[in-house]
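# Per-entry structural report
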Amino acid sequence: HYPKLLYEIYPAHFHINIVSQKQNSGIGLLLLKEFEKNTSFNNVNGIHLETTNRNIKAIPFYLKNGYEILYEKDSVLWKGIDNSKIIVFGKKIRGK
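The sections below set out a description of the structure shown in this document. (Residues numbered from 1 in each chain as written. Predicted model: local features only at pLDDT ≥ 70, side-chain atom pairs only at ≥ 80, totals over all residues. Heavy atoms only, no water.)

### Brief notes about the overall build of the protein chain
Summing up its helical and strand segments, the protein chain has 3 helices and 4 strands in all. A globule of 96 residues ought to have a C-alpha radius of gyration of about 12 Å, and the protein chain, at 14 Å, matches this closely. C-alpha atoms of the protein chain, sized along the principal axes, occupy 45 × 35 × 20 Å. Looking at the protein chain as a whole, 31% of its 96 residues qualify as buried. Here the protein chain has roughly 6800 Å² of accessible surface; of this, 55% comes from carbon and sulfur atoms. For the protein chain, the distance from the average site of its 14 positive side-chain charges to the average site of its 8 negative ones is 6 Å. (Helix = DSSP H or I, 4+ residues; strand = E, 2+ residues; numbered from the N terminus. Rg over C-alpha atoms; globule rule 2.2 N^0.38 Å. Buried < 20%, exposed > 50% of the residue type's maximum accessible area, 1.4 Å probe, protein only. Areas by Shrake-Rupley, 256 points an atom, 1.4 Å probe, with all protein chains shown as cover. Lys, Arg positive; Asp, Glu negative; His and termini not counted. Charge placed at Lys NZ, Arg CZ, Asp CG, Glu CD.)

Okay, structure coming up:
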């Protein structure tokens, strides 16, 4: 489970899945920026999201777009797979 402060500092949660045929087309960046714009417009001060350490395309994408790694935790989704971790990212957003 998440630390309580996560929801206070990063109350918005973003989740995205892009089919492999559409990855690297810019649609992920477009969706992320639109979500950030709406988050800011609505005076929400932060966004959190998560991926796994196995998603090697997502990690640099989020880092490049200003997200920082807040913490890692063991993955219950990938039980039995060695070193599988959930990586929780966060980004502070300024309101309007």
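### A few points about the sheet that holds strand S2 (residues 46-52)
Spatially, S1-S2-S4-S3 is the arrangement adopted by the 4 strands of the open sheet, whose pairing is mixed. Only two strands of the sheet have a single partner each, and these edge strands are strand S1 (12-13) and strand S3 (68-74). (Pairing = 2+ DSSP bridges.)

### Description of the side chain of Glu 36
With respect to the secondary-structure elements, Glu 36 resides in helix H2 (residues 27-41). Of the residues examined, Glu 36 reaches a relative accessible area of 8% and is grouped as buried. Leaving out residues up to four positions away in the same chain, Glu 36 has contacts with Ile 47, Asn 65, Tyr 67, Lys 91 and Ile 93. (Contact = heavy atoms within 4.5 Å.)

### Some remarks on the pattern of salt bridges
Scanning all chains against the criterion turns up 4 salt bridges. Lys 33 is paired through a salt bridge with Glu 36; the nearest N and O atoms lie 3.3 Å apart. Of this pair, Lys 33 and Glu 36 both sit in helix H2, 3 residues apart, which is roughly one turn of that helix. Ionic pairing is found between Lys 85 and Asp 74, a salt bridge with its closest N-O pair at 2.5 Å. Within this pair, whereas Lys 85 is found in strand S4 (residues 85-92), its partner Asp 74 is found in strand S3, the two being separated by 11 residues in sequence. (Salt bridge = Lys/Arg side-chain N within 4 Å of Asp/Glu carboxyl O.)

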